[in-house]
Amino acid sequence: MSTPPTFLGLPAYAPRGVGQLRQDGPFPAAARTALADTQLRRNIGHATQTIRAKRDRVVGEVPDWEELRVAGQQVKAATMARLDEHLERLEREVTARGGVVHWARDANDANAIVTRLVRDTGETEVVKVKSMVTQEIGLNEALADAGIEAYETDLAELIVQLGHDKPSHILVPAIHRNRAEIREIFLRGMPDVPAGLTDDPRQLAMAARAHLRQKFLTAKVAVSGANFAVAATGTLLVVESEGNGRMCLTLPETLITVMGIEKVVPTWRDLEVFLQLLPRSSTGERMNPYTSAWTGVHTTPDGVIDGPRHFHLVLLDNGRAATLADEVGREVLHCIKCSACMNVCPVYERTGGHAYGSVYPGPIGAVLSPQLTGVEDNSSLPYASSLCGACFDACPVRIDIPALLVHLRGKHVEQRRAASRVPTPEAVAMAAASWVMSDPDRFARAERASRLGRLVARRGKLRSLPPPLSAWTSSRDAPVPPAETFREWWAWTRGASS
Ligand code: SF4
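What you are looking at is a predicted structure, and each value in this text was computed from that prediction instead of being measured. (Residues numbered from 1 in each chain as written. Predicted model: local features only at pLDDT ≥ 70, side-chain atom pairs only at ≥ 80, totals over all residues. Heavy atoms only, no water.)

**As for the domain arrangement of the chain**
On domain assignment, one finds that the chain holds domain 1 (27-321) and domain 2 (446-497). The C-alpha centroid of domain 2 is placed 55 Å from the C-alpha centroid of domain 1. (Domains from an automatic or database assignment.)

**So, the site of the ligand**
Taken together, Cys335, Ile336, Lys337, Cys338, Ser339, Cys341, Ile364, Cys395, Pro396, Val397, Ile399 and Ile401 make up the full set of residues adjacent to the ligand. Class assignment of the residues belonging to the shell around the ligand gives a composition of ten nonpolar, one polar and one charged. (Near = heavy atom within 4 Å. Nonpolar A, V, L, I, M, F, W, Y, C, P; charged D, E, K, R; others polar.)

**Topic: the nonpolar core**
Core analysis: the biggest nonpolar cluster contains 101 residues, and Leu90, Phe186, Leu236, Leu313, Leu315 and Ile364 have the highest contact counts within it. Within the second largest apolar cluster, 20 residues are counted, among which are Ala104, Val126, Ile148 and Leu316. (Core = buried A, V, L, I, M, F, W, Y, C linked by side-chain atoms within 4.5 Å. Buried < 20%, exposed > 50% of the residue type's maximum accessible area, 1.4 Å probe, protein only.)

**Points about the confidence of the model for the chain**
Atomic detail in the predicted coordinates should be set aside for any region of low pLDDT. Of all residues in the chain, 94% have pLDDT values of 70 or greater, and the mean over the chain is 90. Low pLDDT (under 50) marks residues 1-18, which in the prediction has 43 contacts with non-local residues, meaning those over four places away or in another chain. (pLDDT = per-residue confidence, 0-100. Contact = heavy atoms within 4.5 Å.)

**Description of the sheet that holds strand S3 (residues 149-152)**
Note: strands within a sheet are paired through backbone hydrogen bonds, in either parallel or antiparallel orientation. Read from one edge of the open sheet, six strands run S1-S10-S7-S4-S2-S3, paired in parallel fashion. Edge positions in the sheet fall to strand S1 (100-104) and S3, since each of these pairs with one other strand and no more. Adjacent strand axes in the sheet meet at a mean angle of 25 degrees, parallel and antiparallel pairs treated alike. Note: strand S2 (residues 125-128) against strand S4 (residues 221-224), two bridges, orientation parallel. Looking at the pairing, Lys128 lines up with Val223 of S4. Packed on one face of the sheet, helix H4 (residues 83-96) meets S1, strand S7 (254-260) and strand S10 (310-316) and runs near 145 degrees to S1. (Pairing = 2+ DSSP bridges. Helix = DSSP H or I, 4+ residues; strand = E, 2+ residues; numbered from the N terminus. Axes fitted to C-alpha atoms, helices over the stretch in contact; angles between N-to-C directions.)

**Re the packing of aromatic side chains**
Per the counting criterion, the structure on display carries seven aromatic pairs. Ring centres of Phe27 and Tyr356 lie 4.9 Å apart, and the angle between their planes is 55 degrees; this geometry places the pair in the tilted category. Here Phe27 is found in helix H1 (residues 27-35), whereas its partner Tyr356 is found in the loop between helix H15 (346-351) and helix H16 (362-373), with 329 residues between them in sequence. Residue Tyr356 is classed as buried on the basis of its relative accessible area of 0%. A connected cluster of aromatic rings, assembled from ring pairs, spans Phe27, Tyr348 and Tyr356. Positioned above the aromatic ring of Phe274 is the side chain of Lys76, whose terminal nitrogen or guanidinium carbon lies 5.3 Å from the ring centre. (Phe/Tyr/Trp six-rings, centres within 6.5 Å; stacked < 30°, edge-to-face > 60°. Lys NZ or Arg CZ within 6 Å of the ring centre and 35° of its normal.)

**Regarding the packing of helix H19 (residues 425-437) against helix H20 (residues 440-450)**
Interaxial distance between H19 and H20 falls to 6 Å at its minimum, and their mutual angle equals 115 degrees. One element, H19, and the other, H20, form an angle in the roughly perpendicular class. Residue-level inspection shows Trp435, Val436 and Met437 of H19 in contact with H20, the latter providing Arg442, Phe443 and Ala446. A class-by-class count of the residues in the contact of H19 with H20 yields five nonpolar, no polar and one charged. (Parallel < 35°, antiparallel > 145°, perpendicular 65-115°, else oblique.)

**Quick word on the environment of Gly353**
Mapped onto the fold, Gly353 is located in the loop between H15 and H16. A residue is classified by how much of its surface remains accessible, and Gly353, at 2% relative accessible area, is buried. Note: C-alpha distance between Gly353 and Pro167 (186 residues apart in sequence) is 7.5 Å. If we ignore the near neighbours within four places in the chain, the residues touching Gly353 are Ser168, Tyr348 and Pro361.

**What about the packing of helix H9 (residues 179-189) against helix H10 (residues 201-218)?**
Put simply, H9 and H10 touch, their axes get as near as 11 Å, and they point 30 degrees apart. As judged from the angle between their axes, H9 and H10 are roughly parallel. Once H9 is placed against H10, the crossing between them reads as left-handed. Packed against H9, whose contacting residues are Arg179, Ile182, Arg183 and Phe186, the element H10 presents Pro201, Leu204, Ala207 and Ala208 at the interface. (Left-handed = near helix turned anticlockwise from the far one by under 90°.)

**Let's talk about the side chain of Asn43**
Relative to the helices and strands, Asn43 is located in helix H2 (residues 38-60). A polar contact of 2.7 Å, which involves the side chain of Asn43, links it to the side chain of Gln39. Side-chain polar atoms of Asn43 contact the side chain of Glu181, separated by 3.4 Å. Among all residues touching Asn43, those that are not within four sequence positions of it are Ile175, His176, Arg177, Asn178 and Glu181. (Polar contact = N/O pair within 3.5 Å; in protein donor to acceptor, adjacent residues only side chain to side chain.)

**As for the side chain of Thr134**
Take Thr134: it is sitting in helix H6 (residues 132-136). In contact with Thr134, other than residues within four places in its own chain, are Lys128, Leu139, Val223 and Val258.

**Digging into the sheet that holds strand S5 (residues 228-230)**
Taken in spatial order, the four strands make up an open sheet running S8-S5-S6-S9, and their pairing is mixed. Here the strands that pair on one side only, and so sit at the sheet edges, are strand S8 (264-265) and strand S9 (290-295). Relative to S9, strand S6 (residues 235-240) is paired through six bridges, and the arrangement is antiparallel. Pairing of Val238 across the sheet is with Ser292, part of S9. The strands that helix H12 (residues 268-282) touches are S5, S6, S8 and S9; relative to S5, the one it contacts most, it runs at about 160 degrees.

Right under this line is the structure:
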């Protein structure tokens, strides 16, 4: 076993090798490009509306949905308060049942551990269960650098991998693709696909099935993430819809699971709450079609090993301990990655996931990625929201995403202020507004002066103002100041009535 969990003593260092988390470019520029792509907007709008309607239907069937949400929130808060104890318990239980636990401080650590474990088997190929955390650390790229090929087995992840693309949604990574595009990708990327393949969903699924079956039957090593880990028994769980994950979890000789440290739950009673919340919130199903659970290495009463002979669990920090140290920001660690917040977000629906430039897109990405990397590395993401609150209403564990967004914006402003003595134009404008508003006479003079705007108004609108106010009028009109100020109206009406 490698290094013990000393990093849980908090606080942290900046994570090294953040993999796919670092934002490629500021959100506004990337969003503008995405907004110009009408096909993308159509694909995403259609998909999110469909998932939303399904989710609303099945959530409406549960009379105690709000109580369940509160229970989920409370279990998560209680677990995070004693996370170190639960993780150490998990390690003991996994080890007692024949598994090996490894602790990874960051992406580089985790990638090095997994690469070494695969190399030790002598294999050069692995099959993968859909996993956000391995994308977060850039595992496929790290394995490729070491000459090891990783095959995604989730259908949507396969589409993304064959298309040399990036995922744009947590649950439906290829949500930005339509059937015709998927057919093209299969024809280009699958050597064994029938030439007459159409874009009929069944045909596409059968082509993927035949392609993957070959991988399942030959792979000796599998890599997975985990949706949950039950500390009391050392049991790991993956929930999925296709059954491909279960093939990876049972057929290969070696199973390596990479799991963020926040995924642990203390007991099976706690897990019960999330197994009700997750499927309804994510796929709009009453329960997940496949819920796979495994505990170490399993031997039957006849002494036969049932499933993988070797099991390794890599527990990943990568900025989570630092997030836990933030009393407000730590709530983000309650996330069960259902993606409901994405499907209701008006910003995500119009820009899609790529604009966020991070493996975690949408509202959850806007609050998770900046905390895992440090706010400076993803500083435009907390602003990628209208703060409408739809994400909080949809979140099955009641994460107050709007409050976290405001908290992170505050942190970003503080960091910028500390880093530079030169104030930003916004800070200058706010200081000037504060100076004007703190004195009644100054404010009255400013009100009267604002009437000059009436001279340049056209058809009741101010369409262009000089800098820095041009930042506002570059994308929207400003209202024309009224002919009479409130004070003048007040003095006039009071005078009239007395
Ligand atoms: S923040 Fe809430 S709604 Fe969004 S993915 Fe996480 S659990 Fe789901």
